[in-house]
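# Commentary on secondary and tertiary structure
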Amino acid sequence: MKRKLSLILAFVLIVSTVVTEAEAADATSFNDFSDINPQYVEAVTYAAEKGILSGYNDNTFRPQYILNRGAAAKIISIIELGANTASALVADGAPYPDVPENHVFAGYIAYCAYNKRINGYSDGMFRPSNMLTGYAFAKMLLKATNSSLTPSSYTGSTWKADVYVDAIKCGIFSTDMPIDPNDILSREEASWLIFNAIKNGNEDNSSVAETESEYEGETNKTEDVVSERNIEEYLNNNFGSCETPMGTFTYEITVEKNNYDTYDFDYDIKVAHKYT
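Residues numbered from 1 in each chain as written. Predicted model: local features only at pLDDT ≥ 70, side-chain atom pairs only at ≥ 80, totals over all residues. Heavy atoms only, no water.

## Quick look at the overall build of the protein
Quick reminder of the rule: Each helix is a run of H or I in the DSSP string that is no shorter than four residues. Each strand is a run of E no shorter than two, and both are numbered from the N terminus. Remark: exposure states derive from per-residue accessible area (1.4 Å probe, protein chains only) relative to the maximum for the residue type, with buried under 20%, exposed over 50%, and partly exposed in between. We get accessible surface area from the Shrake-Rupley algorithm with a probe of 1.4 Å; when it comes to residues, only the shown protein chains can shield them.
Helix and strand counts for the protein stand at nine helices and three strands. Shown N-terminal to C-terminal, the secondary structure of the protein runs as helices and strands in the order α-α-α-α-α-α-α-α-α-β-β-β. By residue count, 49% of the 276 residues in the protein fall in the buried class. Here the protein has roughly 13,500 Å² of accessible surface; of this, 47% comes from carbon and sulfur atoms.

## Here's the deal with the packing of aromatic side chains
The geometry of an aromatic ring pair comes down to the distance between the two centres and the angle between the two planes. For the record, the criterion: Aromatic rings from Phe, Tyr and Trp, with only the six-membered ring used for Trp, were paired whenever their centres fell within 6.5 Å, and each pair was classed as stacked if the ring planes differed by under 30 degrees, edge-to-face if by over 60, and tilted otherwise.
Taken as a whole and assessed by the stated rule, the structure comprises eight aromatic pairs. For the pair F105 and Y108, a centre-to-centre distance of 6.4 Å together with 55° between the ring planes defines the contact as tilted. With respect to burial, F105 and Y108 carry one shared label: buried. Here a set of aromatic residues connected by ring pairs shows up, and it is made of Y135, W159, Y164 and F173.

## Quick word on the environment of S153
To keep things clear, this is the line we draw: Residue contacts are counted whenever heavy atoms from the two residues lie within 4.5 Å of one another.
Mapped onto the elements of the fold, S153 is located in the loop between α6 (134-145) and α7 (159-170). Considered as a pair, S153 and V163 are 10 residues apart in the sequence and their alpha carbons are 9.1 Å apart. Contacts of S153, omitting those with residues within four sequence positions, involve K139 and K143.

## Topic: helix α3 (residues 69-81)
Because each turn of an α-helix spans 3.6 residues, side chains separated by three or four positions in sequence point in the same direction. The condition that has to hold: The span one expects for a helix is its residue count, reduced by one, times 1.5 Å.
Counted at 1.5 Å a residue, the expected span for α3 with its 13 residues is 18 Å, and the 18 Å between its end C-alpha atoms agrees. Most of α3 is tucked away, with 13 of its 13 residues classed as buried. Two residues or fewer past α3, G82 is found with a positive phi of approximately 90°.

## Points about the packing of α3 against helix α5 (residues 106-114)
Note the cut-off: All axes are obtained by fitting lines to C-alpha atoms, using only the stretch in contact for helices, and the reported angles, taken between N-to-C directions, cover 0 to 180 degrees. Any angle that falls under 35 degrees is termed roughly parallel, while one over 145 is termed roughly antiparallel, one within 65 to 115 roughly perpendicular, and all others oblique. Take the far helix as your reference; a near helix turned counterclockwise from it by less than a right angle gives a left-handed crossing, and one turned clockwise gives a right-handed crossing. Any residue outside Ala, Val, Leu, Ile, Met, Phe, Trp, Tyr, Cys, Pro, Asp, Glu, Lys and Arg is labelled polar, Gly included; the first ten of those are nonpolar and the last four are charged.
Relative orientation of the contacting elements α3 and α5 amounts to 70°, with a least axis distance of 8 Å. Here α3 is positioned roughly perpendicular relative to α5, judged by the angle of their axes. You can see that α3 and α5 cross each other, and the crossing is left-handed. Two secondary-structure elements touch here, α3 through G70, A73, K74, I76, S77, E80 and L81 and α5 through Y108, I109, Y111 and C112. In terms of residue class, the contact of α3 with α5 is made up of seven nonpolar, two polar and two charged.

## Looking at unusual backbone geometry
One non-glycine residue, R62, adopts positive backbone phi at about 55°. Structurally, R62 can be placed in the loop between α2 (41-49) and α3. On the basis of relative accessibility, which here comes to 15%, the residue R62 falls in the buried class. Positive phi, normally seen in glycine, also occurs at R127, with a value near 60°. Along the polypeptide, R127 turns up in the loop between α5 and α6.

## Some points on the nonpolar core
Side chains of nonpolar character tend, in soluble globular proteins, to be buried together. Here is the rule: Take the buried residues of types Ala, Val, Leu, Ile, Met, Phe, Trp, Tyr and Cys, join any two whose side-chain atoms come within 4.5 Å, and each joined set is a nonpolar core.
With 61 residues, the main nonpolar core has L67, F137, L141, I172 and L193 as its most contacted residues. Residue assignment for this core shows that the elements contributing at least two residues are α2, α3, α4 (83-86), α5, α6, α7 and α8 (187-201). Dropping the residues within four chain positions of it, L67 is found in contact with A72, I75, N130, M131, L132, F137, L185, S186, R187 and A190.

## Section: the side chain of N68
Test applied: Think of a polar contact as two N or O atoms within 3.5 Å of one another; within protein, one of them needs to be a possible hydrogen donor and the other a possible acceptor, and neighboring residues in sequence only count if both atoms come from side chains.
Counting through the fold element by element, N68 comes out in the loop between α2 and α3. Separated by 2.8 Å, the side chain of N68 and the backbone nitrogen of A71 make a polar contact.

## A short note on the confidence of the model for the protein
Rules: Note on scores: pLDDT gives the predictor's confidence for each residue, bounded by 0 and 100.
Considering every residue of the protein, the mean pLDDT works out to 77; 66% of them sit at 70 or more. Within the protein, helix α1 (residues 3-13) has the poorest average pLDDT of any element, 41, and α3 the best, 95. Per-residue pLDDT stays below 50 along residues 1-22; that stretch engages in 69 contacts with residues further than four places along the chain or on separate chains. The low-confidence segment residues 260-265, where pLDDT is below 50, has eight contacts with residues more than four positions distant or belonging to other chains.

Listed below in structure tokens is the structure:
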């Protein structure tokens with residue numbers, strides 16, 4: 001198999017900062033738990049315990065730290081795929097010129113770019129360290145939790161107004177919310193939006209994909225994958241569904257072989273997914 005196929009298999013495994021963050025944890029055990037503003041305690045506790053927005057290796061949460069675009073890509077990936085599946089994301093090549101393949105968020109950014117969850121800038125850059133406003137993060141959450149939206153949703157001069165209307169409708173925003181969506185977003189404020197998006201978007205959210213992966217410890221061999229049909233069958237059988245914070249995702253994966261030398265990849269992978 002050519003190296004290019006490994007990116008496709010990695011992408012469909014998921015189906016398709018600089019400070020290392022720790023795994024899911026009891027939020028009350030954070031050394032700086034008392035620094036969390038009272039109106040965000042429930043949301044931070046939920047996000048941390050589900051592994052959506054985790055603490056740091058020094059056992060702090062740093063609630064007033066600013067959320068950046070790279071961390072947001074990780075959050076969106078976990079919301080859609082679950083923490084275990086998202087942690088397996090890799091990028092076999094730089095998804096953007098300013099995001100090398102060994103960047104700490106490269107796999108998450110590649111996933112979000114591929115699925116049109118987070119756009120790059122007009123100059124082709126992603127700028128993973130850039131800060132986010134409440135509006136920008138709400139836009140990402142809406143795209144992650146609403147399968148009816150298209151890549152062109154929330155564009156043009158009215159995008160903020162459109163995000164506000166839908167975020168109010170979906171319960172991500174509220175008329176008396178404690179944040180100004182025009183302001184730069186902190187980690188505790190991001191937790192509040194995450195909590196609202198998941199709780200209001202899915203009534204049965206008692207289980208988040210925190211269980212061990214079905215295929216953990218197994219070797220996913222591809223020696224017998226010899227055609228697009230073999231690949232398609234293999235991927236559907238192994239990665240056709242997964243549990244996420246928003247419910248069970250079921251995927252229909254189709255594979256077509258590229259016949260042009262100018263293509264970057266040997267195969268086109270198309271993934272149709274829906275909540276069940």
